[in-house]
Amino acid sequence: MPELTSTPKLIICLLILSLYPISLKARPFILVLSQDDIKDSAASTDDESAADWDDFGDSESMTEENLDPGSWSPVFEPSIDPGAINGSYYITISKMMSAVTNGDVRVMEEATSEVESAAMEGDPPARSVLGFLYGMGMMRERNKGKAFLYHHFAAEGGNIQSKMAVAYTYLRQDMHDKAVKLYAELAEIAVNSFLISKDSPVIEPIRIHNGAEENKGALRKSRGEDDEAFQILEYQAQKGNAGAMYKIGLFYYFGLRGLRRDRTKALMWFSKAADKGEPQSMEFLGEIYARGAGVERNYTKALEWLTHAARQQLYSAYNGIGYLYVKGYGVEKKNYTKAKEYFEKAADNEEAGGHYNLGVMYYKGIGVKRDVKLACKYFLVAANAGHQKAFYQLAKMFHTGVGLKKNLHMATALYKLVAERGPWSSLSRWALESYLKGDVGKAFLLYSRMAELGYEVAQSNAAWILDKYGEGSMCMGESGFCTDAERHQCAHSLWWQASEQGNEHAALLIGDAYYYGRGTQRDYERAAEAYMHARSQSNAQAMFNLGYMHEHGQGLPLDLHLAKRYYDQALEVDPAAKLPVTLALTSLWIRKNNADSFLVRLIDALPEVYPRVEAWVENVFMEEGNVTILTLFVCLLTVLYLRERQRRNAVQAAGDVALPNQHNEHAAAPFN
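Everything numeric in this text was worked out from a predicted model, so none of it was measured. (Residues numbered from 1 in each chain as written. Predicted model: local features only at pLDDT ≥ 70, side-chain atom pairs only at ≥ 80, totals over all residues. Heavy atoms only, no water.)

So what's going on with the overall build of the protein chain? Which residues, and what values?
Along its length, the protein chain carries 31 helices and 4 strands. Looking at the protein chain residue by residue over its 672 residues, the buried ones come to 50%. For the protein chain, the proportion of contacts with a sequence separation of at least 24, taken over those separated by at least 6, is 59%. For the protein chain, the accessible surface area stands at approximately 32,500 Å², while carbon and sulfur atoms represent 52% of it. (Helix = DSSP H or I, 4+ residues; strand = E, 2+ residues; numbered from the N terminus. Buried < 20%, exposed > 50% of the residue type's maximum accessible area, 1.4 Å probe, protein only. Contact = heavy atoms within 4.5 Å. Areas by Shrake-Rupley, 256 points an atom, 1.4 Å probe, with all protein chains shown as cover.)

Below, the structure written as structure tokens:
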């Protein structure tokens, strides 16, 4: 067992990164703990709050509809019959999807009226959707107060997505005492959907844009069965490659790479790979039989498959075996000593789940003397490796003040991180699938729904669609398609929410909106605030903009020294900014040494002159007829130039031939 010793200053940086290579890298979440955060409690305590903690949970495999009542999955998953559960509600949701796909305002208004009627009758899912419509200003006046009210009552009625929306609203208002309670409940539901022997892959929503451009690299890997790379992998699997079989099974099990989740296909591919001795597939078969995911639950088979995987030195499988001994499933009886031995084997081989499970045993005092401080350190090690359940346990420790000093701000952040891995995150898969099929309207609606739940990637994706596609986004406004003003307001709101959660590109765009007056009133001071926010995330463009504003005294004090400092910082952060920074420093030198000169006035006039020149080029030269005439004219000049150069070369060549004779004649003259 790895030995964990106490240090005077314990600093643990927890980096939440994407655990699966095909998904977009998660934004790093950094948690720094000092000795002050850790309680100096006795090695064994009798905190009553500990009794409220689950020990190892259970391996229940619940449907998404049970975990997330009112989920839109029946509309998108062909294996689920919408008519079997709240049929009229799902018919209405299907109408909304059809309306935004086809741009049918009448159908959208009809669906909205149906949602409103159901909401008035007290239906929680309908209230949740109506809250969403009021929040976005779709077919109803944008009203954040009404949106919150409907979400509140929907959450009281058990609607999970409204609980996410209400929790996020509290978080934005720094009401951590209320946000933490909701996020704790949501995180617990999310944890119950995770695997038992290993941590589930962190499936981040795909960011469909990279700055101002489409993120073609990520999108290319998300085209499901149409993706060439997937087809090659499938071909390899059909030819008997066990590794390829495992990967395809994994894709279908979790719905990765743009594939629809299909537990039947996953089971088939895992079984084929396991027959060829592929250990990770054996482990997944153990998971499937333990959870009863698509098969009849069978703990005996689960233990057999996990044991086969462990014999091939797949150390994460030891966690699954230990779990079965803790619960007494598939074995003669509970055996905490054996369970601990298996967890220690996993931990000795740097398997995060082993550290997590040992942490649970020491926290609960299961088969060992209870030691909260040691449990906390095990959780920290597991969390440092990105283990989601460890984040959940640390959140509970911060929340309850057991093992760690009470910190609602940190507890809320960690709970939110785990909660966003819950089944409701499947909205991102359907949004991406719609976008890849060219159904931008449906993609925007789904990303907007995720955006109000607090997903930063969805916020920026929805905002980018509005900016990129404009009217083609099929954005629905208060009384039909969005006006330009409604679209700008909506995009501005979404970018702002994304910027609050650390999206530097979003903060930069917010600054540009205020600086240029795009969709809002021009406000240099608020532009400077947004650029400052982006600069705090080491954005070179924001640094350059702040330098420019200091140079010209726009929204910031006129200060040439600070301007130079920001320009220099922009170059340090991004060497590609050398040309604009060099020009800016040249402008700064001219301004400093030639104040009120013609050159300074010329430089100050450039921002006003350039757009006019650009517009003139756009309107005059870039018209189709003018382009043709201009092209022919340039071709004619080129031909005339080439012919003139050819004539001059011919004359020059003739002169070069005559010159030696003339020289010889002059040279021979003295001898005559």
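Tell me about the pattern of salt bridges, and name the residues and values.
What the rule picks out here adds up to 18 salt bridges. Arginine 207 is the partner of glutamate 456 in a salt bridge, and the nearest nitrogen-oxygen pair spans 3.0 Å. Pair noted here: glutamate 456 is in helix H23 (residues 456-469) and arginine 207 is in the loop between helix H8 (176-192) and strand S1 (209-210), with a separation of 249 residues, a long-range link. Each member of the pair glutamate 456 and arginine 207 is classed as buried. Across the pair glutamate 344 and lysine 340 runs a salt bridge, and its minimum N-O distance is 2.4 Å. Of this pair, glutamate 344 and lysine 340 both sit in helix H16 (residues 336-348), separated by 4 residues, roughly a single helical turn. The residues glutamate 344 and lysine 340 share a single accessibility class, namely buried. (Salt bridge = Lys/Arg side-chain N within 4 Å of Asp/Glu carboxyl O.)

Outline the packing of aromatic side chains, supporting the account with residue identities and numerical values.
All chains considered together, the criterion is met by 26 aromatic pairs. Plain terms: the ring middles of tryptophan 464 and tyrosine 469 are 6.2 Å apart, the flat faces sit at 85° to each other, and that makes the pair edge-to-face. Here tryptophan 464 falls in the buried class, since its relative accessible area comes to 3%. Put simply, the rings of Tyr246, Tyr253, Phe254, Phe270 and Phe284 pair up and form one aromatic cluster. Above the plane of the ring of tryptophan 269 lies lysine 272, whose end atom (NZ or CZ) is 5.0 Å from the centre. (Phe/Tyr/Trp six-rings, centres within 6.5 Å; stacked < 30°, edge-to-face > 60°. Lys NZ or Arg CZ within 6 Å of the ring centre and 35° of its normal.)

Summarise the packing of helix H25 (residues 504-516) against helix H26 (residues 524-535); cite the residues concerned and give the values.
Axis separation between H25 and H26 bottoms out at 8 Å; the angle between their running directions is 165°. Here H26 runs roughly antiparallel to H25, going by the angle between their axes. The hand of the H25/H26 crossing is left-handed. In this structure, H25 uses Glu504, Ala507, Leu508, Ile510, Gly511, Asp512, Tyr514 and Tyr515 to contact H26, whose residues at the interface are Tyr524, Arg526, Ala527, Ala530, Tyr531, His533 and Ala534. (Axes fitted to C-alpha atoms, helices over the stretch in contact; angles between N-to-C directions. Parallel < 35°, antiparallel > 145°, perpendicular 65-115°, else oblique. Left-handed = near helix turned anticlockwise from the far one by under 90°.)

Talk me through the state of the cysteines; I want residue IDs and the actual numbers.
Tallying each qualifying case throughout the model produces 1 disulfide. Put simply, cysteine 475 and cysteine 482 are joined by a disulfide, and their sulfur atoms are 1.9 Å apart. When the S-S torsion is -45°, as for the bridge of cysteine 475 with cysteine 482, the disulfide is left-handed. Accessibility classification places cysteine 475 together with cysteine 482 in one group, the buried group. (Disulfide = S-S within 2.5 Å.)

Tell me about helix H14 (residues 299-311), and name the residues and values.
One full turn of an α-helix is made of 3.6 residues, so residues set three or four places apart face in the same direction. With 13 residues, H14 should cover 18 Å at 1.5 Å per step; its first-to-last C-alpha distance of 18 Å lies within 8% of that length. Every buried residue of H14 is accounted for by Tyr299, Ala302, Leu303, Leu306, Ala309 and Ala310. Buried residues of H14, seen end-on, are gathered within an arc of 130° and therefore sit on one face of the element. The secondary structure elements touched by the buried residues of H14 are helix H13 (279-291) and helix H15 (317-327). Taking the backbone nitrogen of threonine 300 as reference, a side-chain oxygen 3.1 Å away marks asparagine 298 as the first, capping residue of H14. Phi turns positive one or two residues past the end of H14, at glutamine 313, with a value near 65°. (Expected span 1.5 Å × (residues − 1). Arc of directions from axis to C-beta. Polar contact = N/O pair within 3.5 Å; in protein donor to acceptor, adjacent residues only side chain to side chain.)

So what about H25? Which residues, and what values?
When the terminal C-alpha atoms of H25 are compared, their 18 Å separation across 13 residues agrees well with the 18 Å that a helix rising 1.5 Å per residue should span. Burial in H25 covers these residues: His505, Ala506, Ala507, Leu508, Ile510, Gly511, Asp512, Ala513, Tyr514 and Tyr515. On its buried face, H25 is in contact with S1, helix H24 (484-500), H26 and helix H27 (540-552). Sitting at the head of H25, asparagine 503 places a side-chain oxygen 3.0 Å from the backbone nitrogen of histidine 505. Within two residues after H25, glycine 517 carries a phi angle of roughly 75°, on the positive side.

Residues and numbers for unusual backbone geometry, please.
Phi angles above zero are rare outside glycine, and glutamine 313 is one such case at about 65°. On the basis of relative accessible area, glutamine 313 is assigned to the exposed category, the value being 57%. Backbone geometry at serine 538 places phi at a positive 60°, although glycine is not the residue there. Among the structural elements, serine 538 can be located in the loop between H26 and H27.

Tell me about the packing of helix H5 (residues 124-136) against helix H22 (residues 440-452), and please be specific about residues and values.
In the contact formed by H5 and H22, the axes pass within 11 Å of each other and the chain directions differ by 95°. Between H5 and H22, the interaxial angle falls into the category roughly perpendicular. Contacts between H5 and H22 pair Ser128, Val129, Gly131, Phe132 and Met136 from the former with Phe444, Leu445, Ser448, Arg449 and Glu452 from the latter. Here the contact of H5 with H22 is composed, by residue class, of 5 nonpolar, 3 polar and 2 charged. (Nonpolar A, V, L, I, M, F, W, Y, C, P; charged D, E, K, R; others polar.)

Help me get a handle on the nonpolar core, residues and values and all.
Among the nonpolar cores identified, the biggest contains 173 residues, and Trp72 and Phe444 are the most heavily contacted of them. Ranked by residues supplied to this core, first place goes to H8 with 10 residues. When near neighbours in sequence (up to four residues on either side) are disregarded, phenylalanine 444 contacts Met136, Met138, Ala462, Ile465, Leu466, Ser473, Cys475, Cys490 and Leu494. Core analysis: the next-biggest nonpolar cluster, separate from the first, contains 9 residues, Tyr567, Ala577, Val581 and Ala584 among them. (Core = buried A, V, L, I, M, F, W, Y, C linked by side-chain atoms within 4.5 Å.)

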